[in-house]
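# Fold and geometry: a report
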Amino acid sequence: MDIAAISGNIATVGYGLAAIGPAIGVGIVVGKTIEGVARQPELSSRLQTLMWIGIAFTEALAFIGIATYYIFTS
Amino acid sequence: MNLLVPAAANDGQTFQGPTIEEFFPQAVLFEGTPFELNRVMLIRILATIALIVLMWIGTRAMKVVPGRFQSVVEMGLDFIRVGVVEDLLGKKDGRRFLPLIAAIFFFVLFMNITGVVPLLNLAGSSVIGVPLVLAVIAYIAFIYAGVRKSPKLFFKNALLPAGVPPVLYIIVTPIEFISTFIIRPVTLTLRLLMNMIVGHLLLVLFFSATTFFFLYAPAAFKAFGLGTLAFGFAFQLFEVLVALLQAYVFAILTTVYIQLAVAEEH
């Protein structure tokens, strides 16, 4: 058995790459929200709403990354 | 033996990973007609009926002091009204769009939650139909909201944002057009669809790997089965969270798009 041999689809690597950006982005969004809430706890519900919206936009790129696998392998 | 690569033959001896075929099961009823029903369609019908029945029971005989069931339904409706619609749109516009947003939220929620209900195990929104239809509804809703308010202002805000030097409109306007009228519905669809597809594939992977490790793997690998089983349960709970979160995100993004469309200037 050749341990170094890899079979399968290169698109999985592509998704791995596509996930890096959104991962960092979501981290920043959540981290900044926590900072904001720590400074101004009374705004937490408003900030949380904004956080979810921000996450939703950032995350979209990762999901486009997954979708490309199904688009380009058919 | 490479455990990561799905084997061609499904003889039970080699590990078979989940494929996209999971989402296109055999037809169950009315095969060959336009009304062909497969498992996904049956799950969708079931989820819709469950939603209608639960809402009907919850709001049928409303009392000032709610019973246990009514208070749960009220909590959900109140969450959408206060936490999403009125928070972002205000009381006046909120009243107009509340039925739409609430319907989208509960419909997405019930379609998603079937993915973790035992025996159903497949989200109604994990095939593109449901997310696409909902995204089109959201798309029509925010364009309608903007055009109803003031067609000139809506397209000016969307395509010619204020505070940009006129020369830059050559670059800004196409980008704004693509991001508002193309990217928005596409990402709404893909976000929901991919969350559900990936969630389902993960669960299938965990539980089929557990079966494989326990029954067919060499003795040295059997211990891994405990790990995949534990993670399978953990992800099942995580999927409940994802189902709720995606319903919330879909509702809140629709609301935000409507808010941007009816805003005076932004």
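Here the structure is shown first, and the text comes after it.
A brief structural summary. (Residues numbered from 1 in each chain as written. Chains lettered and ligands numbered in written order. Predicted model: local features only at pLDDT ≥ 70, side-chain atom pairs only at ≥ 80, totals over all residues. Heavy atoms only, no water.)

## Remarks on the overall build of chain A
- Within chain A, the secondary structure is distributed over two helices and zero strands.
- Expressed as a percentage of the 74 residues in chain A, the buried residues total 20%. (Helix = DSSP H or I, 4+ residues; strand = E, 2+ residues; numbered from the N terminus. Buried < 20%, exposed > 50% of the residue type's maximum accessible area, 1.4 Å probe, protein only.)

## A look at the packing of helix 5 (residues 169–215) of chain B against helix 6 (residues 222–262) of chain B
All names here are of chain B.
- It is the contact of helix 5 with helix 6, at a shortest axis distance of 8 Å, that shows an interaxial angle of 170°. Overall, the two elements helix 5 and helix 6 adopt an arrangement that is roughly antiparallel.
- A per-class count over the contact of helix 5 with helix 6 returns 24 nonpolar, nine polar and four charged. (Axes fitted to C-alpha atoms, helices over the stretch in contact; angles between N-to-C directions. Parallel < 35°, antiparallel > 145°, perpendicular 65-115°, else oblique. Nonpolar A, V, L, I, M, F, W, Y, C, P; charged D, E, K, R; others polar.)

## A closer look at the nonpolar core
- In this structure, Phe105 and Ile258 of chain B are the most contacted members of the largest nonpolar core, which totals 47 residues.
- Elements supplying a minimum of two residues to this core: helix 2 (44–72) of chain A together with helix 1 (39–60), helix 2 (68–113), helix 3 (129–149), helix 4 (151–159), helix 5 and helix 6 of chain B.
- The leading source of residues in this core is helix 2 of chain B, at 15 residues.
- The residues touching Phe105 of chain B, leaving out its near neighbours within four places in the chain, are Phe79, Ile80, Leu244, Ala247, Tyr248 and Ala251 of chain B.
- Counting residues in hydrophobic clusters, the runner-up holds 14 residues, among them Phe23, Val40, Val127 and Ile197 of chain B. (Core = buried A, V, L, I, M, F, W, Y, C linked by side-chain atoms within 4.5 Å. Contact = heavy atoms within 4.5 Å.)

## Considering the environment of Met62 of chain B
Residues and elements named next belong to chain B.
- For Met62, the position within the fold is in the loop between helix 1 and helix 2.
- A relative accessible area of 55% means that Met62 is categorised as exposed.
- Distance from Met62 to Glu74, taken between C-alpha atoms, is 9.9 Å for residues 12 residues apart in sequence.

## Some points on the interface of chain A and chain B
- Chain A puts 15 residues into the contact, and the matching count from chain B is 21 residues.
- Taken together, the two surfaces of chain A and chain B that pack against each other cover about 1600 Å², and 74% of this comes from carbon and sulfur.
- Considering only the side of chain A, the residues that lose the most area to chain B are Trp52, Phe63 and Tyr70 of chain A, jointly responsible for 34% of the buried surface there.
- Inspection of the chain A/chain B interface yields one salt bridge.
- The partner of Asp87 of chain B in a salt bridge is Arg46 of chain A, with the nearest N and O atoms 3.9 Å apart. (Buried area = accessible area lost by both parts, 1.4 Å probe. Salt bridge = Lys/Arg side-chain N within 4 Å of Asp/Glu carboxyl O.)

## Here we look at the pattern of salt bridges
All names here are of chain B.
- The tally for this structure, following the rule as stated, stands at five salt bridges over all chains.
- The residue Lys91 makes a salt bridge to Glu86 at a minimum N-O spacing of 3.2 Å.
- Take Lys91: its relative accessible area is 58%, and that puts it in the exposed class.

## Section: a nonpolar patch on the surface
All names here are of chain B.
- There is a patch of nonpolar side chains on the surface, built from Val28, Leu29, Phe30, Phe35, Leu42, Ile45, Ile49, Val53, Leu54, Trp56, Ile57 and Phe69 and spanning about 1100 Å² of accessible area.
- Of all the elements in the fold, those that place two or more residues in the nonpolar patch are strand 1 (27–29) and helix 1.
- Broken down by element, the residue count for the nonpolar patch peaks at seven residues, all from helix 1.
- Tracing the backbone through its elements, the reader meets Val28 in strand 1. (Patch = residues over 30% accessible without salt bridge, like charges linked within 9 Å, V, L, I, M, F, W, Y side chains within 5 Å. Areas by Shrake-Rupley, 256 points an atom, 1.4 Å probe, with all protein chains shown as cover.)

## A closer look at unusual backbone geometry
Residues and elements named next belong to chain B.
- Located in the positive-phi region is Leu119, a residue other than glycine, with phi close to 80°.
- Mapped onto the elements of the fold, Leu119 is located in the loop between helix 2 and helix 3.
- In this model, Asn121 sits at a positive phi of 55°, which is unusual for a non-glycine residue.
- With respect to the secondary-structure elements, Asn121 resides in the loop between helix 2 and helix 3.
- Looking at Asn121, the relative accessible area reads 34%, which means it is partly exposed.

## Description of the packing of aromatic side chains
- Summed over the entire model, instances satisfying the criterion amount to 18 aromatic pairs over all chains.
- For the pair Phe154 of chain B and Phe181 of chain B, a centre-to-centre distance of 6.3 Å together with 85° between the ring planes defines the contact as edge-to-face. In this pair, Phe154 of chain B sits in helix 4 while Phe181 of chain B sits in helix 5, placing the two residues 27 residues apart along the sequence. With respect to burial, Phe154 of chain B and Phe181 of chain B carry one shared label: buried.
- Connected via pairs of aromatic rings, a cluster forms that spans Phe57 of chain A together with Tyr139, Phe142 and Tyr257 of chain B.
- A cation over an aromatic ring shows up here: Arg60 of chain B above the ring of Trp56 of chain B, its NZ or CZ 5.4 Å from the ring centre.
- Above the face of the Phe142 of chain B ring, Arg184 of chain B is positioned so that its terminal group lies 5.0 Å from the ring centre. (Phe/Tyr/Trp six-rings, centres within 6.5 Å; stacked < 30°, edge-to-face > 60°. Lys NZ or Arg CZ within 6 Å of the ring centre and 35° of its normal.)

## Brief notes about helix 5 of chain B
- Relative to the 69 Å expected for 47 residues at 1.5 Å per residue, helix 5 of chain B spans 64 Å between its end C-alpha atoms, a close match to the ideal helical length.
- Helix geometry: helix 5 of chain B is bent most strongly at Ile183 of chain B, by close to 45°, with proline Pro185 of chain B lying one to four residues after it. (Expected span 1.5 Å × (residues − 1). Bend = angle between axes of the 7 residues up to and from the residue.)

## Quick notes on the side chain of Asn157 of chain B
- Along the chain, Asn157 of chain B falls in helix 4.
- Within the local environment of Asn157 of chain B, its side chain forms a polar contact with the backbone oxygen of Ala263 of chain B, the two atoms lying 3.5 Å apart. (Polar contact = N/O pair within 3.5 Å; in protein donor to acceptor, adjacent residues only side chain to side chain.)

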